[in-house]
Every structure is written in structure tokens, then in C-alpha cells.
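# Structural description and commentary
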Amino acid sequence: MRMRGARRSWEGRFAALLLVGGLLGGCGLGGGPPEPPGHASSEAIDVAEVSAVLQARSRAVRHGNVDAFLEGVASDPGLRHTQRVWFENLRQLPIQRFAHSLDADDVTRTATGVTAALDVVLRLDGFDTAPVHTPTVYDFVREQDGALRISAVRPPPDGTPSGTPQPWDLAPVEILHGDGVLGVFDRDSSMTGRQIITEVERAIDQVSAVVPLEWSHTVVVYALSNTDFLRALDDLPGGDPEQLDGVAFPVPVRPGATRYAGTRFLLHPRILERTPDSRSRLIRHELVHVALGQRDDRVPTWLSEGLAEYVSVRPLAPQERLISRQTVRAAEEGLARLPSDATFNGADSSANYGIAWYACEYIAAAYGEQTLWRLLDEMGADGGTSSDTQDVVLQRMLGISSRTLAEATGRRVLATFGS
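As a starting point, this report considers the structure included with it.

Thresholds, definitions, all that
Residues numbered from 1 in each chain as written. Predicted model: local features only at pLDDT ≥ 70, side-chain atom pairs only at ≥ 80, totals over all residues. Heavy atoms only, no water. Axes fitted to C-alpha atoms, helices over the stretch in contact; angles between N-to-C directions. Helix = DSSP H or I, 4+ residues; strand = E, 2+ residues; numbered from the N terminus. Parallel < 35°, antiparallel > 145°, perpendicular 65-115°, else oblique. Contact = heavy atoms within 4.5 Å. Nonpolar A, V, L, I, M, F, W, Y, C, P; charged D, E, K, R; others polar. Expected span 1.5 Å × (residues − 1). Salt bridge = Lys/Arg side-chain N within 4 Å of Asp/Glu carboxyl O. Buried < 20%, exposed > 50% of the residue type's maximum accessible area, 1.4 Å probe, protein only. Left-handed = near helix turned anticlockwise from the far one by under 90°. Core = buried A, V, L, I, M, F, W, Y, C linked by side-chain atoms within 4.5 Å.

## Quick notes on the packing of helix α8 (residues 325-333) against helix α9 (residues 349-367)
- α9 packs onto α8 with a crossing angle of 75° between their chain directions and a minimal axis gap of 7 Å. When the axes of α8 and α9 are compared, the pair comes out roughly perpendicular. Within the contact between the two elements, α8 uses Gln326, Thr327 and Ala330 and α9 uses Ser350, Ala351, Gly354 and Ile355.
- In terms of residue class, the contact of α8 with α9 is built from 3 nonpolar, 4 polar and no charged.

What follows is the structure in C-alpha cells.
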């Protein structure tokens, strides 16, 4: 299943365990009237001290020094605990870049200390095409020894763009590495982690053998024992996380951006209990969305999901390629139209996935498999195509309307699965 975007406010959802530290970028001094020669302004001193704390924490992460990392944290036991957990999570990640982007104008004095509004910048080595910027607010207090230390880490205020905290920002995680795979698990789900990694490795090879497009052949997969992160994603297909077995989601380089650092996918906790064969089909489906990246953002949903299903079953013997009873029933009643974008993930989603799959099966059989990928390109060109405007492209590419394609799809479903 493919998501078209993922943004959500943190407010009221997450504890203080968030990304902190790093190299300072874009930091000028500015602000306030000039001071006499030889005297730095109080605003400049604040910025310099904030910069020093962040730089020290960045060095601590690079060198694996948790004591130095916590030196910049105030004496609050709860905050120090969550920061220690975050440090341990961070040290497991393959980090290419970790920094803070801070403007001096966003460092302000408060009644109790200093507040800095900044971007935490993180890029995963080998998995992200660009750094990911996450807007965050740090509060600082001056403790009895005179040092300025972080006293709170919080989301930006309402109305300010914010990113979605990742699983390693929320709770302890177990990171497992494979060939082209970064697996994010927790204590409970990590018991099946190595098996999941192996299945994803195999799926990358299987998907790559069918999808004739350039892609990274790498992926970050989340397989957690709870749905906290899944519930935090915006724009979930169908709106109910309990109805999703898996979802591929984009990671914008910053909130609201149309450029992605990558596409990752997540498995619902119940999928960890499935048989390897059943789970592998779902993994291949989600990997197709990863491989397509932004190519399927502006095409009819039936084509995006149909391609994912079409590729996911290729390694299976024909007799093992199962379809839902709802799809067969819909074909028996007569298909007069393809599933629409607006209702694809609604009450008839079980039937719609099967119809989408078999629309692709029909196109591949009647026009050649390469036509599927040409159709993807054509549907995505010139601003994209919706289910409401698809007939223009179908007529040009296939010489048929969406109604004719739906009718042919229904006949093929019945020929294969009908009684």
C-alpha cells in the first residue's frame, strides 16, 4: 500500500526523546544594538553558547561518548534517561550526516533561560539521497555551575511545519543490518528480525528482476511490535491503521517538501506472525512502491497498486497466486469501471486490489509486459493522470477506454478463478 505523503504534528503524542546535537549550520550573530568595542552582545553570547553545546554533542555521537553527550543535558532525571536511550539508538544507525541548522534570529532569551528553534539534520548512509530536516525547539537553562544546558526538547508551536518523529526518536529500538537493508525493530519484534531481513534481501532481488527501472536496491523497513509510529503518519490509506498490513511512505527532505530523501516501508505487527510465504508477498508489494519512488505519485491508484500486486506474485507458481473472494464476486456481478482514486481504499478495498492486479495482468497479456511500464510513464507525465482523466491516456496507449479495460479485467478474473 502506498502513501502519498506523511506529515503530522508531534503535539500531545511523543515524549522528550528526540534528535539533538550536531554541527551548527547557517548561524549568524545579528540582533540588538551595537555594544562597546571589546564587549560581545548578550544575544551573541547566547548563540555562541548554544552552538558550543550542540557541537559538543555532535562530537560525542561521533566518538561514542555518552557521558560527553549527556554533559549538555540539564539535571532532570527523566530527560537524561530519554536522551541516553536516544543516544544508544542513534549509535546503531549508519549516519552519514548529523547536524543542526540554526539561525541566530531563532535563539531568544526567556524568563528561565534560552530557547532555540532549529532543524535537526540527519542522513542515513547508503539509504537517504539527501539529509532530512526536522524542525525542533530546544529549551536551555543555566544551572548552578554556570553552564547552559538543554532542559527540554519539544515540537515547534502550532502552525509551524513539523516532521514526523522516527521510531528511534520515540523509544528503544534494535537496528539490524542486511545487504541493502536497514531493519528497525524493538525488543519484542527483534526476535523475528533476522528472518525479516533475509526476506527483504530476497525480495529486493525478486523485485529487481521484474521492475525495469533504476532504483537504489536498498530500503529501510520498520517492523515494530506496536502501531505507535504507524498511527503518527498522516494520510494513511483508508484512515485506519488497523486495516493496513503494510504501507510504503515517503520521507520528505523537510516538512511539506516535494523532494524525498527516500521511500521506506512499514509492516503491521500482526504480519510478524504470518508465514514467510505470505509475508514475503506483502514485502515484495511494498518494495515495488519503494522502487517506483515518486513515479507512482501522480498516476491512478489502481495502476500504482496493481503494479505492486503484479510484481509481488511473479515469484509464485500460478496456482499459488491467490485473489480475494470479493474480487471474484465483483467480477461475477460485472465490472463496468476500474476502482476510483477516491474510494480505492474504502469499504471495497479487498475487491479493488484484486481488480487492480488483474487489470495489469490483462494489459501484460494483451499488450506485453513492457506496456505496463510505458503506461506508468505516460500516466505520470505532464502533471500526472487521475482516474477521472485516464481515458485519454488509455485510448492513446491501448486503444481502449477504462470501461473496456474493466470489462476485460472481469473476464480474466473469472477465467482464472471462477467456478
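## A word on helix α12 (residues 402-417)
- Here α12 spans 22 Å end to end across 16 residues, near enough to the 22 Å set by a 1.5 Å rise per residue.
- Its buried side turned inward, α12 meets α7 (301-312), α8, α9 and α11 (390-397).

## Things to note about the pattern of salt bridges
- Considering all chains together, one arrives at 18 salt bridges under this definition.
- Residue arginine 154 is joined to aspartate 139 by a salt bridge in which the shortest nitrogen-to-oxygen separation is 2.8 Å. Residue arginine 154 is located in strand β5 (residues 148-154), and its partner aspartate 139 is located in strand β4 (residues 132-142); the two are separated by 15 residues in the primary sequence.
- Ionic pairing is found between aspartate 145 and arginine 149, a salt bridge with its closest N-O pair at 2.8 Å.
- Accessibility expressed as a relative area gives 53% for aspartate 145, which makes it exposed.
- A cluster of three or more residues bridged by salt bridges with shared partners is formed by Arg231, Glu242, Asp245, Arg270 and Arg274.

## A short note on the packing of α7 against helix α10 (residues 369-380)
- Relative orientation of the contacting elements α7 and α10 amounts to 150°, with a least axis distance of 11 Å. Judged on the interaxial angle alone, α10 and α7 are roughly antiparallel. For the crossing formed where α7 meets α10, the hand is left-handed. Seen from α7, the contacting residues are Trp302, Leu303, Leu307, Tyr310 and Val311; seen from α10, they are Glu369, Leu372, Trp373, Leu375, Leu376 and Met379.
- Residue composition of the contact of α7 with α10, by class: 10 nonpolar, no polar and 1 charged.

## Quick word on the environment of alanine 342
- Within the element layout of this structure, alanine 342 appears in the loop between α8 and α9.
- Using a relative accessible area of 77% as the deciding quantity, one classes alanine 342 as exposed.
- Sequence-wise, alanine 342 and aspartate 388 are 46 residues apart; in three dimensions their C-alpha atoms are separated by 9.9 Å.

## Comments concerning the nonpolar core
- Membership of the largest hydrophobic core comes to 66 residues, with the highest contact counts inside it found for Val200, Phe265, Leu287, Trp302 and Leu375.
- Broken down by element, the residue count for this core peaks at 10 residues, all from α9.
- Filtering out sequence-adjacent residues up to four positions away, valine 200 remains in contact with Val181, Val219, Val221, Phe265, Ile283 and Leu287.
- Counting residues in each nonpolar core, the second largest holds 52 residues, with Ala60, Ala116, Tyr138 and Val173 among its members.

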